[in-house]
Amino acid sequence: MLEKLRLCNEKLIQYYENDEENLKKQKLIQKILSDSQCFFRMNIQYAYAILRDLQIKEEDLKQIYLELIK
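The structure displayed is predicted, hence computed values, not measured ones. (Residues numbered from 1 in each chain as written. Predicted model: local features only at pLDDT ≥ 70, side-chain atom pairs only at ≥ 80, totals over all residues. Heavy atoms only, no water.)

## Considerations on the overall build of the protein chain
Step number 1: Helix and strand counts for the protein chain come out as 4 helices and 0 strands.
Step number 2: For the protein chain, the succession of helices and strands along the chain, N to C, is α-α-α-α.
Step number 3: Taken over the C-alpha trace, the protein chain has a radius of gyration of 12 Å; the compact-globule value for 70 residues is 11 Å, and the two agree within 12%.
Step number 4: Once the C-alpha set of the protein chain is aligned to its principal axes, its extents read approximately 35 × 25 × 20 Å.
Step number 5: Considering only intrachain contacts with a sequence separation of at least 6, the fraction spanning at least 24 residues in the protein chain is 51%. (Helix = DSSP H or I, 4+ residues; strand = E, 2+ residues; numbered from the N terminus. Rg over C-alpha atoms; globule rule 2.2 N^0.38 Å. Contact = heavy atoms within 4.5 Å.)

## What about the side chain of N9?
Step number 1: Considering the arrangement of structural elements, one finds N9 in helix α1 (residues 2–15).
Step number 2: Residue N9 is classed as buried on the basis of its relative accessible area of 2%.
Step number 3: Setting aside anything within four residues of it in sequence, one finds N9 in contact with Q26, I29, Q30, L33 and L54. (Buried < 20%, exposed > 50% of the residue type's maximum accessible area, 1.4 Å probe, protein only.)

## Focus: the nonpolar core
Step number 1: If you look at the biggest cluster of nonpolar residues, it comprises 20 residues, and the most contacted ones within it are L5, L33, F39, L51 and L54.
Step number 2: Counting only elements with at least two residues in this core, the list comes to α1, α2 (20–33), α3 (44–53) and α4 (61–68).
Step number 3: Those residues within four positions of F39 in sequence are excluded, and the remaining contacts are L2, L5, L33, A47, I50, L51, Y65, L68 and I69. (Core = buried A, V, L, I, M, F, W, Y, C linked by side-chain atoms within 4.5 Å.)

## Structural notes on the pattern of salt bridges
Step number 1: Applying the stated criterion across every chain, the model contains 4 salt bridges.
Step number 2: The residue E3 makes a salt bridge to R6 at a minimum N-O spacing of 3.5 Å. Of this pair, E3 and R6 both sit in helix α1, 3 residues apart, which is roughly one turn of that helix.
Step number 3: Ionic pairing is found between K25 and D53, a salt bridge with its closest N-O pair at 3.7 Å. In this pair, K25 is assigned in helix α2 and D53 in helix α3, connecting sequence segments 28 residues apart. (Salt bridge = Lys/Arg side-chain N within 4 Å of Asp/Glu carboxyl O.)

## Re the state of the cysteines
Step number 1: As enumerated under the stated definition, the model contains 0 disulfides in all.
Step number 2: Cysteine C8 remains unbridged, with the sulfur of C38 as its closest cysteine sulfur at 14 Å.
Step number 3: According to the relative accessible area criterion, C8 is partly exposed, its value standing at 22%.
Step number 4: Judged by its relative accessible area of 4%, C38 is buried. (Disulfide = S-S within 2.5 Å.)

And the structure:
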């Protein structure tokens, strides 16, 4: 699942190449996702915010988060 999020992040970085604010946010997310244990190191609200920034649907957040912390 983490690898899927990394791929999604890469696509969003390309998509936002001309949008400095969103590009900066995606670059930060890319740095966070480089740590395989990142979702174990953050609180659930922060994790959900990252998933939302990766354009994960609201109804899928809980399921994906639970997969990430198994």
